[in-house]
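Given next are the chains, with one letter for each unit.
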Amino acid sequence: MDTIYLDNAATSYPKPEGVSSAMKTYLDHVGATINRSVYGSAQDAGLKTLQLRERLKKLLHFPEPVTHVILTPGATWGLNMAIKGFLKPGDHCLVSSMEHNAVMRPLLQLAGVEFDRIPCDWEGLLDPADIEPLIRPNTRLLVMAHGSNVCGSVQDAEAVGALCARHGIAFVLDAAQTAGHFPVDFERFRLSALCVPGHKGLLGPSGIGALLMTDAFAKAIDPIVAGGTGSASDSEFLPDYLPDRFESGTPNLPGIYGWEAALRFVEETGVDALREHEMTLCRRFLDGLEQLRGVSLCGTKDLTRRVGVVSVDFRNRDNADAAFALETDYGILTRCGLHCAPSAHKTLDTFPRGTVRFSLGFASTEADVDAALAAVKDLSEV
Ligand SMILES: Cc1ncc(COP(=O)(O)O)c(C=O)c1O
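Residues numbered from 1 in each chain as written. Predicted model: local features only at pLDDT ≥ 70, side-chain atom pairs only at ≥ 80, totals over all residues. Heavy atoms only, no water.

Quick question: what am I supposed to make of the site of the ligand here?
Close to the ligand lie A75, T76, H100, A102, N149, D174, A176, Q177, P197, H199 and K200, which account for all nearby residues. Between the ligand and A75, the relevant distance is 3.3 Å, taken from an oxygen atom to a main-chain nitrogen or oxygen of the residue. In the environment of the ligand, an oxygen atom lies 2.7 Å from a nitrogen or oxygen atom belonging to the side chain of H199. A total of 390 Å² of accessible area belongs to the ligand in isolation, and the protein chains cover 86% of it. Given that more than half its atoms are within 2 Å of the pocket grid, the ligand belongs to the second largest pocket. Grouping the constituent residues of the shell around the ligand by class yields four nonpolar, five polar and two charged. (Near = heavy atom within 4 Å. Polar contact = N/O pair within 3.5 Å; in protein donor to acceptor, adjacent residues only side chain to side chain. Areas by Shrake-Rupley, 256 points an atom, 1.4 Å probe, with all protein chains shown as cover. 1 Å grid on protein atoms, 1.4 Å probe; cavity = no way out; pocket = protein on both sides within 12 Å on 5 of 7 lines; lining within 4 Å. Sits in = over half its atoms within 2 Å of the grid points. Nonpolar A, V, L, I, M, F, W, Y, C, P; charged D, E, K, R; others polar.)

This is how it looks when you write it as structure tokens:
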């Protein structure tokens, strides 16, 4: 039985051609690290790292210098750096009720920091008008998932950014589910910081991501990791300049080579074309699911407000059992459960049973969607 991979919200698969070969080239023929030695292969690695930062700057409409594109081990790391680095005891923070634990867990670790959840509706969408009543004199930060990893709903980041700017509140966007799937514009959204993983819609390998931040935000945060940077080695203190201040330790160079190749594919194809393909399939999938009485659909059906993350709740069957049968009987790979986002499931009224999540990617096809619809029909009619 062939397998059909519909778990791109967890991590994208397959990767575009050129990603694994770029990583292999690094491992077999380059091998050097950056910012330490200056021989030819080290300079090759340095150049590739710079090209990766430049591609991220362009793709995400980042107006600040390329030095402010910080490479991290993933979105979770960037979110921890931004949240723990910025908030101090006595501060108040706002989050949406759709957040992933990559936001909630670091926030809950901070003693003396209070937060409120901005309630989202039953489709997982936030109304920016609900933010203002929650703002307090000590509200310094708003952190929001751009796209939901549970139901695919996408928030109006531009409206939220304008409101944050009006109130002098720093705005951190978690674009884990939108980067590469939906336009993300640092400048238009008036962001203070943006966190992206390399391995989801940006089609790179796992173990790498980026935190992009304004100079003002960078100056306001303390690095949570310190160590060797290969620079200012006469001092035992971290340098003040970026990216070194936030990039201690030897970076993930196979990841840098692989991600750079993946971004070349994203750039050449274009986010709009990737989105159009995924939304054509999403429309087909949503329309088909609507015909099935044995499942309820989570999130919005409005394609302008979503990405291709589609969650269903089986009415007459345990969701975990359905996901297991999807794999064993149909070869369809999905994710079931709470998807690291209990607050989102409480918002959508699917807590604690969770959902079965199908998530589309650039390599998904009409035949994949039709096979998933036929399988869901079979499994929901028992
Ligand atoms: C909305 C959201 N935020 C953050 C993350 C964390 O990303 P990573 O596991 O790549 O660090 C995820 C991963 O699933 C996510 O879906």
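Explain the sheet that holds strand β3 (residues 92-96) here, please?
Taken together, the seven strands give an open sheet; going across it, the order is β2-β8-β7-β6-β5-β3-β4, and neighbouring strands pair in mixed fashion. Edge positions in the sheet fall to β2 (69-72) and β4 (114-118), since each has one partner strand and no second. Each neighbouring strand pair of the sheet contributes to a mean axis angle of 20 degrees, computed without reference to strand direction. With four bridges joining them, β3 and strand β5 (residues 139-145) adopt parallel strand pairing. Note that in β5 the partner of C93 across the bridge is L141. Relative to strand β6 (residues 170-174), helix α5 (residues 157-167) is tilted by about 160 degrees, and along the sheet it contacts β5 and β6. (Pairing = 2+ DSSP bridges. Helix = DSSP H or I, 4+ residues; strand = E, 2+ residues; numbered from the N terminus. Axes fitted to C-alpha atoms, helices over the stretch in contact; angles between N-to-C directions. Contact = heavy atoms within 4.5 Å.)

Would you mind going over the pairing of strand β13 (residues 355-359) with me for this structure?
A regular strand places its side chains on the two faces of the sheet in alternate fashion. Judged by how many residues are buried, β13 sits mostly within the fold: five of five residues are covered. Here β13 shows a buried face lined by T355, R357 and S359 and a second buried face lined by V356 and F358. Pairing of strand β10 (residues 309-314) with β13, which is carried by four bridges, proceeds in the antiparallel orientation. Counterpart to V310 in the pairing with β13 is F358. Two strands pair when backbone bridges link them, and strand β12 (residues 335-337) and β13 are joined in this way by three bridges, in the antiparallel orientation. (Buried < 20%, exposed > 50% of the residue type's maximum accessible area, 1.4 Å probe, protein only.)

Would you mind going over helix α7 (residues 253-269) with me for this structure?
Along an α-helix, residues three or four apart share an orientation, since each turn contains 3.6 residues. With 17 residues, α7 extends 24 Å between its outermost C-alpha atoms, agreeing within 8% with the 24 Å of an ideal straight helix rising 1.5 Å per residue. For α7, the full list of buried residues reads L253, G255, I256, Y257, G258, W259, E260, A261, A262, L263 and V266. Where α7 begins, one side-chain oxygen reaches toward the backbone nitrogen of G255, 2.8 Å away; that side chain belongs to N252. Immediately downstream of α7, the backbone of G270 shows phi near 95 degrees, a positive value. (Expected span 1.5 Å × (residues − 1).)

Looking at this structure, I do not really get the pairing of strand β8 (residues 209-213). What am I missing?
A large share of β8 lies buried, amounting to five of its five residues. On β8, burial covers both faces: G209, L211 and M213 on one face and A210 and L212 on the other are all buried. Relative to β8, strand β7 (residues 193-197) runs antiparallel, the two sharing five bridges. Bridged to L194 within β8 is L212.

Explanation requested: the domain arrangement of the chain in the structure shown.
Quite often, the size of an interface is put as the accessible area lost when its parts meet. If you check the domain split of the chain, you get domain 1 (4-14 + 270-380) and domain 2 (19-269). A separation of 27 Å is found between the C-alpha centroids of domain 1 and domain 2. Listed per partner, the contact involves 36 residues of domain 1 and 36 residues of domain 2. Across the domain 1 to domain 2 interface the summed buried area is about 2,900 Å²; carbon plus sulfur atoms make up 55%. For the interface between domain 1 and domain 2, the tally reads zero salt bridges. Between domain 1 and domain 2 we count 20 residue pairs in polar contact (both at pLDDT 80 or more) in total. (Domains from an automatic or database assignment. Buried area = accessible area lost by both parts, 1.4 Å probe. Salt bridge = Lys/Arg side-chain N within 4 Å of Asp/Glu carboxyl O.)

Even after reading the chapter, I still don't get the nonpolar core, so can you show me in this structure?
If you look at soluble globular proteins, the nonpolar side chains tend to sit buried side by side. Grouped together as the largest cluster of nonpolar side chains are 57 residues, with contacts concentrated most on L56, L142, L194, V196 and W259. The leading source of residues in this core is α7, at eight residues. Two domains each donate at least three residues to this core, and these are domain 1 (4-14 + 270-380) and domain 2 (19-269). The residues touching L194, leaving out its near neighbours within four places in the chain, are L60, L173, A175, V184, F186, A210, L211 and L212. (Core = buried A, V, L, I, M, F, W, Y, C linked by side-chain atoms within 4.5 Å.)

Can you help me understand the packing of helix α3 (residues 75-86) against helix α4 (residues 101-109) in this one?
If you want to describe how two helices pack, look at the angle between their axes and the distance between the axes. Closest axis-to-axis distance for the α3/α4 pair is 9 Å, and the angle between their directions is 35 degrees. Helix-helix and strand crossings are classified by hand; for α3 and α4 the assignment is right-handed. Between α3, through T76, L79, N80, I83 and K84, and α4, the contact on the second element is made entirely by A102, V103, P106, L107 and Q109. Residues belonging to the contact of α3 with α4 are distributed by class as follows: six nonpolar, three polar and one charged. (Left-handed = near helix turned anticlockwise from the far one by under 90°.)

Explain α3 to me, please; I cannot follow it from the model alone.
Here α3 is 12 residues long and its end C-alpha atoms lie 16 Å apart, about the 16 Å a rise of 1.5 Å per residue gives. The buried fraction of α3 is high, at nine of 12 residues. Burial in α3 covers these residues: A75, G78, L79, N80, M81, A82, I83, G85 and F86.

Help me out: how do you make sense of a nonpolar patch on the surface in this one?
Together, W77, I224 and V225 make up a nonpolar patch on the protein surface, roughly 260 Å² of accessible area in all. Here I224 is to be found in the loop between α6 (215-220) and α7. (Patch = residues over 30% accessible without salt bridge, like charges linked within 9 Å, V, L, I, M, F, W, Y side chains within 5 Å.)

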